[in-house]
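If you want the building blocks of each chain, they are given just below.
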Amino acid sequence: MGNKTVVVIGAVNMDICGRPDKAPRMNDSNPGTVTFSPGGVGRNIAHNLCLLGLDVKFIAAIGDDVYGDSVYESCVRLGMDMHLSRRMSGGRTSSYLYVTDEKGDMLIGVSDTDISASITPEYLKAHIKEINAADAVVIDANLTRETVAWIAENVTAPLYADPVSAAKAERLRPALNKLTAFKPNEFEAKSMTNETTSLFAAEALLREGVKKVFVSLGGDGIVAAEGSEIIKLPCETTEIVNCTGCGDAATAAIIWAGVNGLGIAESASAAMKAAAMCAACSETINPELCPELIS
């Protein structure tokens, strides 16, 4: 498994997390901890891919504010190639504010990712030769539907996608028939297909043209489907510390498995192992993630 190059096109933002010390009381101030850390679905996937030994080129729109300087420098320190990213003069860097309960499970989040619309077809067109030279391209649904449609028509490298949320997942519909793999969670999959079960939703996405579908089921594991093959794997046993970022780790593991030629069962297993490692860590990204622990 030699070094592979993956281009990630998506959002990077400053994550602002509030975690109360005790069970949260609504409509009141709760003593707790507020933390700041670089995040964003695209960036988190890129971070995990770096830990998995892949060469990552990250394309994101970043403001020239304090948050922007911080997230840009953090990406460079992690080893990401940032020369294709777009720094926006006067732009407001994306931010994501979320509150968890005392156990770390998210209660509500608010995302401000409008700057991602600056990754336009015109901007990507200037870099399409380099993008298509990658072993895989990854997009998230913070991109506009117009940009997603352009990527679907012009990117020839294997294409992977993460829906980000049910509210944004529809932006990916123009690319479904071009996707090598797609990893929605159960709620996102049902929302996109109007199906009542994860199994039916996976089958519906295959009919839309997705080659491999991985529907994450939270604590119930994952459903993986390709062609006529559908499997379900349970979660790995682990002590849950923080569930934030588990989906991003799973997506990265699926991409890692895909570029290294692994099958659907091995890919799903790698996703569950990566998600379990993330859940066992207090951080959004588990710095101990590596190929040896998920293969």
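That block above? That's the structure.
What you see is a predicted model, and the numbers here were worked out from it, not measured in a lab.

About the criteria used
Residues numbered from 1 in each chain as written. Predicted model: local features only at pLDDT ≥ 70, side-chain atom pairs only at ≥ 80, totals over all residues. Heavy atoms only, no water. Helix = DSSP H or I, 4+ residues; strand = E, 2+ residues; numbered from the N terminus. Contact = heavy atoms within 4.5 Å. Pairing = 2+ DSSP bridges. Axes fitted to C-alpha atoms, helices over the stretch in contact; angles between N-to-C directions. Buried < 20%, exposed > 50% of the residue type's maximum accessible area, 1.4 Å probe, protein only. Phe/Tyr/Trp six-rings, centres within 6.5 Å; stacked < 30°, edge-to-face > 60°. Lys NZ or Arg CZ within 6 Å of the ring centre and 35° of its normal.

A. Here's a closer look at the side chain of Ser-118. By secondary structure assignment, the location of Ser-118 is in the loop between strand 8 (106-112) and helix 3 (121-125). Those residues in contact with Ser-118, other than ones at most four positions away along the chain, are Ala-61, Arg-86, Met-88 and Tyr-123.

B. Molecular detail of the sheet that holds strand 13 (residues 222-226). The strand order 4-1-9-10-11-12-13-14 describes an open sheet built from eight strands, whose pairing is mixed. Sheet topology places strand 4 (55-59) and strand 14 (229-233) at the edges, where each strand pairs with a single neighbour. Averaged over neighbouring strand pairs, the angle between their axes works out to 20 degrees when direction is ignored. Where strand 13 and strand 14 come together, five bridges link them in antiparallel fashion. Its bridge partner lying in strand 14, Glu-226 is registered against Glu-229. The strands that helix 1 (residues 41-51) touches are strand 1 (5-9), strand 4, strand 9 (136-140) and strand 10 (159-162); relative to strand 4, the one it contacts most, it runs at about 165 degrees.

C. The arrangement of the environment of Lys-273 in detail. Its place among the elements puts Lys-273 in helix 10 (residues 264-279). With a relative accessible area of 23%, Lys-273 lands in the partly exposed category. When the C-alpha positions of Lys-273 and Ala-250 are compared, they lie 7.9 Å apart, and in sequence the two are 23 residues distant. The contacts of Lys-273, once residues within four sequence positions are left out, are Glu-236, Leu-293, Ile-294 and Ser-295.

D. Molecular detail of the packing of aromatic side chains. Taken as a whole and judged by the stated rule, the model has one aromatic pair. When the centroid spacing of 5.3 Å and the interplanar angle of 20 degrees are considered together, the rings of Tyr-96 and Tyr-98 count as stacked. A cation sits over an aromatic face here: Arg-87 above Tyr-72, 5.1 Å from the ring centre.

E. Region of the structure containing the environment of Phe-182. With respect to the secondary-structure elements, Phe-182 resides in strand 11 (residues 179-182). Along the backbone, Phe-182 and Val-210 are 28 residues apart, and their C-alpha atoms lie at a distance of 7.0 Å. Excluding residues within four positions of it along the chain, Phe-182 makes contact with Ala-161, Pro-163, Leu-172, Leu-176, Met-192, Leu-205, Val-210, Lys-212, Val-213 and Phe-214.

F. Fine view of unusual backbone geometry. Although it is not a glycine, Val-164 adopts a positive phi angle of roughly 75 degrees. Positionally, Val-164 belongs in the loop between strand 10 and helix 6 (166-169). Take Val-164: its relative accessible area is 23%, and that puts it in the partly exposed class. A positive phi is found at Asn-194, a non-glycine position, where the angle reads about 60 degrees. Summarising the element assignment, Asn-194 is placed in the loop between helix 7 (186-193) and helix 8 (198-207). For Asn-194, a relative accessible area of 69% gives the class exposed.

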